[in-house]
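Overview (structure and organization)
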Amino acid sequence: QYVHLGNFLGHENISILSSVRENPFNYEIPKIVSLNPHTSKFSVERITDGLGNSHGFDYDYLMPKDNSFYHYDYQWIDNDLRTVALPIKALRADTVYSVNNKPCVTEYAYHNALYHQNGHGLLGFIRSESKLLINNVLYERTVQNNDCATLDGNYLLLPLKQQTYNYNDQLIADTYYN
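A short tour of the structure in this document, coming up. Everything quoted here is computed from the prediction, not taken from an experiment. (Residues numbered from 1 in each chain as written. Predicted model: local features only at pLDDT ≥ 70, side-chain atom pairs only at ≥ 80, totals over all residues. Heavy atoms only, no water.)

A count of helical and extended segments in the protein chain gives 0 helices and 13 strands. For the protein chain, the sequential pattern of α-helices and β-strands runs β-β-β-β-β-β-β-β-β-β-β-β-β. In the protein chain, which comprises 178 residues, the proportion classed as buried is 31%. Of the contacts made within the protein chain by residues no fewer than 6 positions apart, 39% connect residues no fewer than 24 positions apart. With the model as given, the accessible surface of the protein chain reaches about 11300 Å², and the carbon-plus-sulfur share is 50%. (Helix = DSSP H or I, 4+ residues; strand = E, 2+ residues; numbered from the N terminus. Buried < 20%, exposed > 50% of the residue type's maximum accessible area, 1.4 Å probe, protein only. Contact = heavy atoms within 4.5 Å. Areas by Shrake-Rupley, 256 points an atom, 1.4 Å probe, with all protein chains shown as cover.)

Structural data, given as structure tokens:
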């Protein structure tokens, strides 16, 4: 079976073109499937618990824009692995509204999604970043870098290091994974 990712339906979201074999018989019809329809109907937007605390979720597309949500540099890691920009949604922000009405927002940023061209699909990101803002004031920033050298034959992207910074952008924790 052959699977191709692209924008085959003409919407902003990604779709999958699936065919049975390289040279299909005339009765085998390729199928186009849409992963995330262009609507918020299929996304969780808000969760409220029994105490009145509420979580709000904001999503955005993994496409390079003039913002700091998704950073993309076209790279080939090896013959089968490259970085991609994909028209699929990822979590941009998670907002907690507590009963004291002070929002705690965690903003996310992603760098270079890794895509394996020969069957393993989307493996993760080379780097991801989260910022915790309490009452719109930066409280903490965490950066995680992943190790492309661990991909070998298993194609498992493992963390390389994680760094945590305080509100003054001073390094407060530096963790390396072996």
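It is worth spelling out the side chain of Arg-141 at this point. Following the sequence through the fold, Arg-141 ends up in strand β11 (residues 137-147). For Arg-141, a relative accessible area of 15% translates into the label buried. Looking at Arg-141, its side chain comes within polar contact range of the side chain of Glu-129, at 3.4 Å. Residues in contact with Arg-141, not counting those within four places in the same chain, are Glu-129, Ser-130, Lys-131, Gln-163, Thr-164, Tyr-165 and Asp-169. (Polar contact = N/O pair within 3.5 Å; in protein donor to acceptor, adjacent residues only side chain to side chain.)

Attention now moves to the nonpolar core. Counting residues in each nonpolar core, the largest one holds 11 residues, listed as Leu-62, Phe-69, Tyr-70, Val-84, Leu-86, Ile-88, Ala-90, Tyr-110, Ala-113, Tyr-115 and Phe-125. Excluding anything up to four places from it in sequence, Tyr-110 contacts Leu-62, Phe-69, Tyr-70, His-71, Ala-90, Leu-91, Phe-125, Arg-127 and Ser-128. Within the second largest apolar cluster, 6 residues are counted, among which are Leu-81, Leu-123, Leu-151 and Leu-157. (Core = buried A, V, L, I, M, F, W, Y, C linked by side-chain atoms within 4.5 Å.)

Let's shift gears to the pairing of strand β10 (residues 121-134). Each regular strand carries side chains that alternate between the two faces of the sheet. Note that strand β9 (residues 103-116) and β10 share 12 bridges and pair antiparallel. Among the inter-strand pairings, Glu-107 is bridged to a residue of β10, identified as Lys-131. Between β9 and β10, which pair antiparallel one after the other, the connecting turn spans 4 residues, and Gly-119 there sits at a positive phi close to 110°. Inspection of the sheet shows β10 paired to β11 by 8 bridges, in the antiparallel sense. Opposite Leu-132, over in β11, you have Glu-140 as the bridge partner. Where β10 folds back on β11, the antiparallel hairpin that results is connected by 2 residues, among which Asn-135 adopts a positive phi of roughly 55°. (Pairing = 2+ DSSP bridges.)

This paragraph deals with the packing of aromatic side chains. One pass over the structure, following the stated rule, counts 3 aromatic pairs. With centroids separated by 6.4 Å and ring planes inclined at 20°, the aromatic side chains of Tyr-70 and Tyr-72 adopt a geometry described as stacked. Between Tyr-110 and Phe-125 the ring centres are 4.7 Å apart and the planes differ by 35°, which places this aromatic pair in the tilted class. Highlighted residues: Tyr-110 in strand β9 and Phe-125 in strand β10, separated in sequence by 15 residues. (Phe/Tyr/Trp six-rings, centres within 6.5 Å; stacked < 30°, edge-to-face > 60°.)

Position of Tyr-70 among the secondary structure elements: in strand β6 (residues 70-71). Taking the C-alpha atoms as reference points, Tyr-70 and His-111, separated by 41 residues in sequence, lie 5.8 Å from one another. If we skip the residues at most four places from it in the chain, Tyr-70 touches Leu-62, Met-63, Pro-64, Val-84, Ala-85, Tyr-110, His-111, Asn-112, Ala-113 and Phe-125. Side-chain polar atoms of Tyr-70 contact the backbone nitrogen of Ala-113, separated by 2.9 Å.

Turning our eyes to something else, we now look at the environment of Val-143. With respect to the helices, strands and loops of the structure, Val-143 is situated in strand β11. A residue is classified by how much of its surface remains accessible, and Val-143, at 3% relative accessible area, is buried. Sequence-wise, Val-143 and Tyr-110 are 33 residues apart; in three dimensions their C-alpha atoms are separated by 9.9 Å. In this view, Val-143 contacts Arg-127, Ser-128, Glu-129, Lys-161, Gln-162, Gln-163 and Tyr-165; residues no more than four positions away in its chain are not counted.

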